[in-house]
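So the chains spell out like this:
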Amino acid sequence: MTTLPGSARGGADTEMSAAASAPERTRDEALTATVALVACAAMVFQPILRPAGPANSSPVDVFTLATVLISVLWAATCGRRLGAPYCLAGGLMLLSGAVAGLAGPLPLTSLLNLAKELLLLAWCVALYNIARRPGVLRLLTASFAYAAVVWASVLVAAGFLHLTAIEGISPTEGDRKLFTLGDPNYAATYWVVSLLMVHAAQRPRSWLLRWYGYAVLLWALLLSQSNGGILELAVALVFLTAHRAYRTSGPAAATAVVLLVALAAGGALRAADLADVQDRARQSDHSLLVNTLGRSGASTEQRGTLVRESFQLYDQQWLTGSGPGTTKQLFEDQQFPYAKEAHDDYLAALVERGPLGAVALLLLVASAAWRASRALRAPPESRFAAEVPRPAGLVAALLALAVAAAYYEVLHFRFLWVLLALVAVLASAPEKDPP
């Protein structure tokens, strides 16, 4: 039998193509491993925000920036189709912020805040694309969960040993233990998200160690003495209970769970004299009661004042807004009685970015909710769902942050963008390797 010359050349070309692609695959695998390891380091160091650097930067930002830069190199050479979730909402947020900043009274402050937002959005995109590689999603969630349990253990041990440097006690926050997170609201929300991450990843693997993790993370949350953190955890637990009821018994059972919780909470509030409870807690000898229930009335009053002042500020530049991150400085410059940050992402989007900013934030919330619903419906046997045994935990964490956004500004919380990226991965179809 005679071999055709063309066939011989075809076989040789195939062998040469395979040989030429081998170094490219090796380089791609090395870059993938590198960016995955750096991203895992960013998960581990999420709570390390002190000592703070210029422009409110933190030690963890070294790994955040490194993840983005290495991801750019990886994206340029990987030969894969990449995605950019939340790009429309994020683009509108940046556009509205830029317009407000340039038209507002503090352009440098606004542009500095926009630079931070751009970095966080780029980090979300980088995490989304690298987490779609086989096994990386599992690595990221496990790194976050294990590290949080270790950090919480360190904080609890420091509390027993009275190591104030590790406890993170601040003169302005009383005896609230903040670890290296610097802010009680940020600290409480991190511990809540970490507890839900442990549930989602089912890490540690041993149920005994996992329940130890739940206990020590809850302890760390209580040490922050945050009313908002307790509310976020309660909302997340109700969601997880309702979701479980929905999966086992259908929508009627899930609705019943929500209604029972609402009726119980409403009945408790009607039965108790809230003002009397707050007064007794304020006069208590226990700092936990003083800093939680005892200050809840004053906190509510202060936030009401802040809302009224924010609308007065909005009236001055209702079309474009005053510019991202300018609320506190403008309050001080104009001698408002209560000069604080906006403490509310929804109101801040309107006041600092105008109507376009409010639309952009609502679009981001809607986009996250749509992806969360897809993540919850993903078949357990699908590749991404198999890497995160309890995806409802990540959705519950996002819901907790959506609640927190009504009384904190969480858009600059680094782990919010981690959650957005991971939920987007769970909602997406697995990628195909290039030929």
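Before reading on, note that the structure itself is shown above.
Residues numbered from 1 in each chain as written. Predicted model: local features only at pLDDT ≥ 70, side-chain atom pairs only at ≥ 80, totals over all residues. Heavy atoms only, no water.

Undergrad: So what's going on with the overall build of the chain? Residues and values would help.
TA: Scanning the chain from N- to C-terminus turns up 18 helices and 0 strands. Here the chain holds 435 residues, and the buried ones make up 47% of them. Taken as a whole, the chain presents about 21,200 Å² of accessible surface, with 66% of it coming from carbon and sulfur. (Helix = DSSP H or I, 4+ residues; strand = E, 2+ residues; numbered from the N terminus. Buried < 20%, exposed > 50% of the residue type's maximum accessible area, 1.4 Å probe, protein only. Areas by Shrake-Rupley, 256 points an atom, 1.4 Å probe, with all protein chains shown as cover.)

Undergrad: Give a detailed account of the packing of helix 3 (residues 87-103) against helix 4 (residues 107-131), specifying residues and quantitative values.
TA: Contact geometry of helix 3 with helix 4 gives a least axis separation of 9 Å together with a crossing angle of 170 degrees. The angle between the axes of helix 3 and helix 4 places the two elements in the roughly antiparallel class. Residues Gly90, Leu94, Gly97, Ala98 and Gly101 of helix 3 form the contact with helix 4, whose participating residues are Pro107, Ser110, Leu114, Glu117, Leu118 and Leu121. (Axes fitted to C-alpha atoms, helices over the stretch in contact; angles between N-to-C directions. Parallel < 35°, antiparallel > 145°, perpendicular 65-115°, else oblique. Contact = heavy atoms within 4.5 Å.)

Undergrad: Describe in detail the pattern of salt bridges, supporting the description with residues and values.
TA: What the rule picks out here adds up to 2 salt bridges. Where aspartate 61 meets arginine 414, a salt bridge forms, and the shortest distance between an N and an O atom there is 2.8 Å. Placement of the pair is aspartate 61 in helix 2 (residues 60-77) and arginine 414 in helix 18 (residues 414-427), with a sequence separation of 353 residues. Like aspartate 61, the residue arginine 414 is buried in the burial classification. (Salt bridge = Lys/Arg side-chain N within 4 Å of Asp/Glu carboxyl O.)

Undergrad: Summarise the side chain of arginine 371; cite the residues concerned and give the values.
TA: Along the polypeptide, arginine 371 turns up in helix 15 (residues 345-377). Those residues within four positions of arginine 371 in sequence are excluded, and the remaining contacts are Pro85, Tyr86, Val423, Ala424 and Ala427.

Undergrad: Can you explain the packing of helix 5 (residues 136-161) against helix 7 (residues 184-201)? Please cite residues and give values.
TA: In contact at an axis separation of 9 Å, helix 5 and helix 7 are set at 130 degrees when each is read in the N-to-C sense. Relative to helix 7, helix 5 is oriented oblique. With respect to the hand of their crossing, helix 5 and helix 7 are arranged in left-handed fashion. Here helix 5 contributes Thr141, Ala142, Phe144, Ala145, Ala148, Val149, Trp151, Ala152 and Leu155 to the contact with helix 7, which in turn contributes Tyr190, Trp191, Val193, Ser194, Met197, Val198 and Ala201. Split into classes, the residues belonging to the contact of helix 5 with helix 7 amount to 14 nonpolar, 2 polar and no charged. (Left-handed = near helix turned anticlockwise from the far one by under 90°. Nonpolar A, V, L, I, M, F, W, Y, C, P; charged D, E, K, R; others polar.)

Undergrad: Give a detailed account of helix 17 (residues 391-404), specifying residues and quantitative values.
TA: Given a rise of 1.5 Å per residue, 14 residues ought to cover 20 Å, and the 20 Å separating the end C-alpha atoms of helix 17 matches this to within 8%. Taken together, the buried positions of helix 17 are Pro391, Ala392, Gly393, Leu394, Val395, Ala396, Ala397, Leu398, Ala400, Leu401 and Ala404. Those residues of helix 17 hidden inside the fold are in contact with helix 7, helix 9 (227-249), helix 15 and helix 18. (Expected span 1.5 Å × (residues − 1).)

Undergrad: Just give me the short version of a nonpolar patch on the surface, but keep the residues and values in it.
TA: Together, Val150, Val154, Phe160, Leu161, Leu163, Ile166 and Trp219 line one region of the surface with nonpolar side chains, adding up to about 650 Å² of accessible area. No other element matches helix 5, which puts 4 residues into the nonpolar patch. The topology assignment puts leucine 163 in the loop between helix 5 and helix 6 (164-167). (Patch = residues over 30% accessible without salt bridge, like charges linked within 9 Å, V, L, I, M, F, W, Y side chains within 5 Å.)

Undergrad: How would you sum up the nonpolar core? Please name residues and give values.
TA: In this structure, Leu140, Trp191, Leu217, Leu394, Leu416 and Trp417 are the most contacted members of the largest nonpolar core, which totals 97 residues. Leave out the neighbours within four places in its chain, and leucine 217 touches Ala148, Val149, Ala152, Trp191, Ser194, Leu195 and Val198. With 9 residues, the next largest nonpolar core counts Leu106, Phe331, Phe336 and Leu347 among its residues. (Core = buried A, V, L, I, M, F, W, Y, C linked by side-chain atoms within 4.5 Å.)

Undergrad: Which residues make up unusual backbone geometry, and what values go with them?
TA: In this chain, arginine 50 is followed by proline 51 through a cis amide linkage whose omega measures 5 degrees. Take proline 51: it is sitting in the loop between helix 1 (5-44) and helix 2. The linkage connecting arginine 203 with the following residue, proline 204, adopts the cis geometry, with an omega of 5 degrees. Considering the arrangement of structural elements, one finds proline 204 in the loop between helix 7 and helix 8 (207-224). Positive phi values are uncommon outside glycine, yet glutamine 202 reaches one of about 55 degrees.

Undergrad: Describe the environment of proline 85, listing the residues and the values that go with them.
TA: Examined against the element boundaries, proline 85 turns out to sit in the loop between helix 2 and helix 3. The sequence separation of proline 85 and cysteine 124 amounts to 39 residues, and the corresponding C-alpha distance is 8.1 Å.

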